[in-house]
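Inside the fold
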Amino acid sequence: MEIIPGQQFLLGKVDDVARWAQASSVWPLTMGLACCAIEMMTATAPEYDIARLGSEVFRASPRQADLMIVSGRVARKMAPIIKRLYDQMADPKWVISMGACASSGGVFDNYAIVQGVDTIIPVDVYVPGCPPTPDGLLYAVNLIQQQIRQGGRGGILARA
Amino acid sequence: MPSSQAPPIGATALDPTALRPPIDDAAIERITPADLLARLSALKASGYTMLLDVGAVDYLERIPRYDVVYHLLNIAADAATVGAVGKPRRVRLLVGVPHDALEVPSAVDLWPNANWPEREVFDLFGIRFSGHPDLRRIQMPDDWEGHPLRKDYPLRGPATEMTPRPAFALKSNVAAGTPASGKTAAALQRQIAAARAGGIAPAAHEAVAAAQSGTTSSSATTAGIASAKELAERPINLKTDSNEKS
Amino acid sequence: MSVLPDSIAMDVVEHTNNRMVLSMGPQHPSTHGVLQVITEIEGEVITKAEPEIGYLHTGIEKSAENLFWTQASTVIERMDYLSPLSNAMAYILAVEQLLGVSAEIPERAQQVRVLLCELSRIASHCVWLGTGGIDLGAISTFFYSFDLRERILDLNEFAGGARMHPNYLRIGGLNGDLPTGFLDKLDIVIDMYEPRMREMRNLLQKNPIFQDRTIDVGILTAEESLAWGITGPTLRAAGVAYDVRKAFPYSGYENYEFDVPTRTEGDAYARFLVRLDEMDEAMRIIRQIRKNLVGGPVTVADTKFSTPPKETIALSMEALIHHFKIVSESFRVPPGDVYQPVEGPRGELGYYLVSNGDNRPWRVRTRPASLYNLQVLKKIAVGELIADMVVMIGSLDPVFGEVDR
């Protein structure tokens, strides 16, 4: 975007403006599963405050959310529901796999836990930790914002 | 981490409940499924108002194979102070259930909170509770086959896995076209370009020199590292060149 | 006409006359985790509520059977994830009973264990308070209570290395002594607690909207509570003063002066008041420990099962060997079974451990306080308004890591 010197308007591409808007207001879906969900809630608390990054509200309805933060271990019974929620989200959408359990099954390599949520939905950013500190989640949201700004899967012309 | 499929080393006791050290945690009684309801009613009538838990243990080689364990506590409903509660007594009932008669009467009529734990014992061990109003799976999905907490059920689940374990999914942002940050993406691109041109990672300078001079680097081979020539011939594929989860 | 669900995922909301079958969850902003409640409502009144659980079933008990005694506490800590230290405490006390060393745990270790467990209780109640408020729209309480929780998590991290699952309590004592500076940080928390608690009470306790929404909601009598196996603040709000710390004291609780707050109304507001009072009592215990903390070792001297201090490993061959053995193949626990309860923030959290003489547990059965506390929702929801469902779930304070394990 350029500021035209001497005039009172900016010149830019629609794509850039749209990406700037998307990146500045990533609204997550409340997809709290286990311990990582508590750290995700802590990221909304005053000490870490995810709202200053643009995630002012966590939307409960997948239709209204941009970002699904899969926070916690994904049990086999919950897996189809996560897939359904992901399908219900409108494009463009992003996924953060928060914590070791969501990224790869974590400490639980057994019959009950899906070994990584990326076996059922595509993931954009993985956050390691058990649970990751809220700083880690904030950095992940930063990375999502960078991905949005630079285009690729998150651009306004992206398909699912 | 110890292998989940290996048998426990040094496993000795077939019936630990018979060999337990003298710990005063509850009055323990061992009864048969036929006598269970009568005993539970008698205990309830004598003041054991709380059924704390219904669980099960699989002893595998013991006869009877399973134990269903009931924990009871006697507290009066009008115990409104700590003094009135005093030191309650605990009872632990161990019901031996053989593998060929997986049936135990349900305690739901005596204590309504037996509903869910009995469903859980059914789900995870396969022991049925006769008289239970709604005996279906509770923790596993409805269409699951098998009873996971049995000792002969593998830790990782049945051989016909529903979701296979993929190789570590390397979602390289460069490969996907969305760089994480400009600088690292550019650096990674340079590294890949150099590797494609030279056939090897830039760090193995000596190996390169040795290969180009026609002699194999003895240090590389003795260290078990693939020779530079092999590395040069192997195509670089970011998606598969990763740590396979064995 | 009542409809029992025959599949877990309700695809259709059914309409018949004035009745609707509504599936709340498993993804829901206010169910405190992955809970699905299949409710039949007639207008706004709930006629039937059937909670469906299992959406967080992790197989922790089976995982623990395949890990060493020392490693199992890492997965067990992840059950009740709001107060991980009480899980670890119950499990470790049970193992120590089987080993026969309960009487030999040094006093400093016992005091620090109680200190951290009570801090954990306050942190857990902070989450309950914050989320309970936010469910009803009282967002400010969330910010205040989570800030207090931050200071406690800082203490966890300082002592144990991680905010939520520090694995600091070990079989035989602790994983190393408290670092220098810990007690100063603890003093800061103790000083900030009282004014912060006053602020949080001011926000909600006499708030007429909050009272309207919680008084006479979800009433449980004492007899019903005992019949449904309820323990913890929910039971005490119904009038029965059962607290495992008083009835079956462990780890030196008999040495501390604290009360067990009880009420008689048995509704959501009574549970709210009981939990707030419990936070105060926990802080009372913490102050007593801070004043009377003794010096001395923090692990049992017998290094056959508690790792020797790191400083001795470079100096003594025996210490090195014991350390290696414990880490690589753990120790054997004599055969037997034991049930060890503790008073967690949700009630009686107990572990029924069975050992067959091996270096891995044969069975780890949890007595999950939240499972029984949640089961009673089937009963108390009938006749209440659908808007009260959230209040009731919040007042029962379930944690699904414990319910589903």
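Summary of the structure given here. Throughout this document, residue positions are counted from 1 along each chain, in the order its sequence is written. Just so you know, chain letters begin at A and ligand numbers begin at 1, following the order they were written in. Since the coordinates come from a predicted model, pLDDT governs what is reported: local features require at least 70, and pairs of side-chain atoms require 80 or more to be given and counted, while whole-chain, interface and lining totals use all residues. Computation of side-chain values: all heavy atoms of the structure, hydrogens and water removed.

1. Things to note about the overall build of chain C
Helix numbering and strand numbering both begin at the N terminus, where a helix is a DSSP run of H or I of at least 4 residues and a strand a DSSP run of E of at least 2. Of the regular secondary structure elements, chain C holds 17 helices and 9 strands. What the globule rule says is 2.2 Å times the number of residues to the power 0.38, and the radius of gyration is computed from C-alpha atoms. Its C-alpha atoms give chain C a radius of gyration of 22 Å, near enough to 22 Å, the size a compact globule of 405 residues would have. Dimensions of chain C along its principal axes, counting C-alpha atoms only, are 80 × 45 × 35 Å. Sorting the 405 residues of chain C into buried and exposed places 67% on the buried side. In chain C, once contacts between residues fewer than 6 apart in sequence are set aside, the share between residues at least 24 apart is 69%. Side chains of chain C carry 39 positive and 54 negative charges; the gap between the two charge centres is 4 Å. Relative accessibility under 20% of the residue-type maximum defines a buried residue, over 50% an exposed one, and the middle range a partly exposed one, all with a 1.4 Å probe and only protein chains included. In this description, contact between two residues means that some pair of their heavy atoms is separated by no more than 4.5 Å. When charges are counted, Lys and Arg contribute as positive and Asp and Glu as negative, whereas His and the chain ends are disregarded. One atom stands in for each charge, and that atom is NZ of Lys, CZ of Arg, CG of Asp or CD of Glu.

2. A look at the packing of helix 3 (residues 84-99) of chain C against helix 4 (residues 107-135) of chain C
All names here are of chain C. Note on definitions: angles span 0 to 180 degrees between N-to-C directions of axes, and those axes are lines fitted to C-alpha atoms, for helices only across the stretch in contact. Two elements in contact, helix 3 and helix 4, have axes whose closest approach is 8 Å; the angle formed by their N-to-C orientations is 145°. Like other packed secondary-structure pairs, helix 3 and helix 4 cross with a definite hand, here left-handed. Where helix 3 approaches helix 4, its residues P84, L85, S86, M89, I92, L93 and E96 are matched on the opposing element by R113, V114, L116, C117 and S120. All amino acids are sorted into three groups, where Ala, Val, Leu, Ile, Met, Phe, Trp, Tyr, Cys and Pro are nonpolar, Asp, Glu, Lys and Arg are charged, and the leftover types, Gly among them, are polar. For the contact of helix 3 with helix 4, the class distribution of residues is 8 nonpolar, 2 polar and 2 charged. What makes a crossing left-handed is the near helix being turned counterclockwise from the far one by less than a right angle; a clockwise turn instead makes it right-handed.

3. Comments concerning helix 3 of chain C
Residues and elements named next belong to chain C. The terminal C-alpha atoms of helix 3 lie 23 Å apart, and with 16 residues this matches the ideal 22 Å at 1.5 Å per residue to within 8%. For helix 3, the tally of buried residues reaches 15 of 16 residues, placing the bulk of the element in the interior. Looking at the residues trailing helix 3, positive phi occurs at G100, about 85°. Helix span, expected: 1.5 Å multiplied by one less than the number of residues in the helix.

4. Comments concerning the interface of chain A and chain C
The partner chain C presents 37 residues to the 35 residues of chain A that form the contact. Two parts lose some accessible area (1.4 Å probe) when they are put together, and adding that loss for both gives the buried area. Around 3,000 Å² of area is buried between chain A and chain C when both sides are counted, 64% of it from carbon and sulfur atoms. A per-residue breakdown of the area chain A buries against chain C is headed by I38(A), R73(A) and K77(A), which together make up 20% of the total. The term polar contact refers here to a pair of N or O atoms within 3.5 Å; inside protein, the definition further demands a hydrogen-donor-capable atom paired with an acceptor-capable atom, and it admits residues adjacent in sequence only when both atoms are side-chain atoms. Where chain A touches chain C, the interface holds 12 residue pairs in polar contact (both at pLDDT 80 or more). For the side of chain A that touches chain C, the secondary structure elements donating two or more residues are helix 2 (35-44) and helix 3 (79-88) of chain A. Considering each element in turn, the side of chain A that touches chain C owes the most residues, 6 residues, to helix 2 of chain A.

5. Quick word on the nonpolar core
Residues enter a nonpolar core if they are buried and are Ala, Val, Leu, Ile, Met, Phe, Trp, Tyr or Cys, with the set joined through side-chain atoms within 4.5 Å. In this structure, M68(A), V70(A), I82(A), Y81(C), I122(C) and Y242(C) are the most contacted members of the largest nonpolar core, which totals 170 residues. For this core, the leading source of residues is helix 4 of chain C, giving 13 residues. Once residues lying within four places of it in the same chain are set aside, the contact partners of V70(A) are M31(A), L33(A), I82(A), V95(A), I96(A), S97(A), M98(A), A102(A), V117(A) and I121(A). L51(B), V97(B), A114(B) and L149(B) belong to the second largest nonpolar core, which has 36 residues in total.

6. A word on the interface of chain B and chain C
At the interface, 72 residues of chain B touch 66 residues of chain C. Of the roughly 5,500 Å² buried between chain B and chain C, counting both surfaces, carbon and sulfur atoms make up 58%. Between R90(B) and E348(C) there is a salt bridge; the shortest N-O distance is 3.0 Å. Inspection of the chain B/chain C interface yields 25 residue pairs in polar contact (both at pLDDT 80 or more). Listed by contribution, the elements that provide at least two residues to the side of chain B that touches chain C are strand 2 (50-58), strand 3 (66-73), helix 2 (82-85), strand 4 (90-97) and helix 3 (115-125) of chain B. For the side of chain B that touches chain C, the residue count by class is 45 nonpolar, 13 polar and 14 charged. Salt bridge, as used here, is a side-chain nitrogen of Lys or Arg placed within 4 Å of a carboxyl oxygen of Asp or Glu.

7. Topic: the sheet that holds strand 3 of chain B
All names here are of chain B. What the 4 strands build is an open sheet, ordered 1-4-3-2; its pairing is mixed. Two strands close off the open sheet at either side, each with one partner strand: strand 1 (27-31) and strand 2. Along the sheet, successive strands turn relative to each other by an average axial angle of 20°, direction set aside. A strand pair is defined by DSSP finding two or more bridges across the two strands. Sheet topology note: the strand 1/strand 4 ladder contains 5 bridges and is parallel. The partner of I31 across the bridge, within strand 4, is V95. In the packing of helix 1 (residues 33-45) onto the sheet, the strands contacted are strand 1, strand 3 and strand 4, and the crossing angle to strand 4 comes to about 165°. Against the sheet, helix 3 touches strand 2 and strand 3, its axis set at about 5° to strand 2.

8. A few points about the packing of helix 11 (residues 268-292) of chain C against helix 16 (residues 388-396) of chain C
All names here are of chain C. Running from amino to carboxyl end, helix 11 crosses helix 16 at an angle of 30°, the nearest separation of the two axes being 9 Å. In terms of crossing hand, the pair formed by helix 11 and helix 16 is left-handed. Each of A268, R271 and R275 in helix 11 lies in contact with helix 16, whose residues at this interface are V391, G394, S395 and L396. In terms of residue class, the contact of helix 11 with helix 16 is made up of 3 nonpolar, 2 polar and 2 charged.

9. Details of the pattern of salt bridges
Two side chains bearing opposite charge may form a pair once their charged atoms approach each other closely. Residue and element names in this part refer to chain C. This structure, assessed with the given rule, holds 52 salt bridges over all chains. Measuring nitrogen to oxygen at the nearest pair gives 3.0 Å for the salt bridge that ties E42 to R19. With E42 in strand 3 (residues 36-42) and R19 in strand 2 (residues 19-24), this residue pair connects regions lying 23 residues apart in the sequence. One network of salt bridges, in which partners are shared, links E118, R121, R236, D243, R245, E278 and E343.

10. Digging into the side chain of R121(C)
All names here are of chain C. Structurally, R121 is set in helix 4. Given the relative accessible area of 2%, R121 is considered buried. With residues near it in sequence (within four places) discarded, R121 still touches R245, Y253, E278, A282, E343, G344 and P345.

11. Digging into the packing of aromatic side chains
Centre-to-centre distance and the angle between the planes together describe a pair of aromatic rings. For Phe, Tyr and Trp, where Trp contributes only its six-membered ring, two rings pair if their centres lie within 6.5 Å, and the inter-plane angle classes them as stacked under 30 degrees, edge-to-face over 60, or tilted in between. This model, assessed by the stated rule, comprises 13 aromatic pairs over all chains. Considering the side-chain rings of Y111(A) and Y153(B), the 6.1 Å spacing of their centres and the 85° angle between planes classify their relative orientation as edge-to-face. Here the residue Y111(A) occupies a position in the loop between helix 4 (99-104) and strand 6 (125-127), and Y153(B) occupies one in the loop between strand 6 (128-130) and helix 4 (173-176), the pair thus bridging two chains. Centre to centre, the rings of Y253(C) and Y256(C) are 6.3 Å apart; their planes meet at 85°, and the pair counts as edge-to-face. The class for Y256(C) is buried, based on a relative accessible area of 10%. Connected via pairs of aromatic rings, a cluster forms that spans W128(C), F210(C), Y269(C) and F272(C). The lysine or arginine in question, K44(B), covers the ring of W111(B), its NZ or CZ lying 5.8 Å from the ring centre. We call a charge positioned over a ring when the NZ of a Lys or the CZ of an Arg lies within 6 Å of the ring centre and within 35 degrees of the ring normal. Taking the ring centre of F248(C) as reference, the NZ or CZ of R90(B) above it sits at 4.2 Å.

12. Considerations on the pairing of strand 3 of chain C
Residues and elements named next belong to chain C. Across the 7 residues of strand 3, 6 count as buried, placing the element largely inside the fold. When strand 2 meets strand 3, the two strands line up antiparallel, connected through 6 bridges. Considered in strand 3, the bridge of R19 is made with E42. With 7 bridges connecting them, strand 3 and strand 4 (residues 45-52) associate as antiparallel partners. Opposite T39, over in strand 4, you have A49 as the bridge partner. Following strand 3, the chain reverses through 2 residues before pairing antiparallel with strand 4; G43 in that reversal takes a positive phi of roughly 70°.

13. Some thoughts on a nonpolar patch on the surface
All names here are of chain C. Grouping into patches uses exposed residues only, defined as over 30% relative accessible area, and leaves out salt-bridged ones; the cut-off is 9 Å for like charges and 5 Å for nonpolar side chains (Val, Leu, Ile, Met, Phe, Trp, Tyr). Computed by Shrake-Rupley with a 1.4 Å probe, the accessible areas treat only the displayed protein chains as cover when residues are assessed. Judged by side-chain polarity, I134, I139, F143 and Y144 come together as a nonpolar surface patch covering roughly 320 Å² of accessible area. With 3 residues, the single largest contributor to the nonpolar patch is helix 5 (residues 139-160). A residue is classified by how much of its surface remains accessible, and I139, at 43% relative accessible area, is partly exposed.

14. A closer look at the sheet that holds strand 9 (residues 363-367) of chain C
All names here are of chain C. In spatial order, the strands read 7-8-9; together these 3 strands make up an open sheet with antiparallel pairing. Pairing within the sheet leaves two strands with one partner each, and these edge strands are strand 7 (336-344) and strand 9. Strand-to-strand twist in this sheet, taken as the mean axis angle between neighbours without regard to direction, amounts to 15°. As judged from the 5 bridges shared by strand 8 (residues 347-355) and strand 9, these two strands associate in the antiparallel manner. Among the inter-strand pairings, Y352 is bridged to a residue of strand 9, identified as R365.

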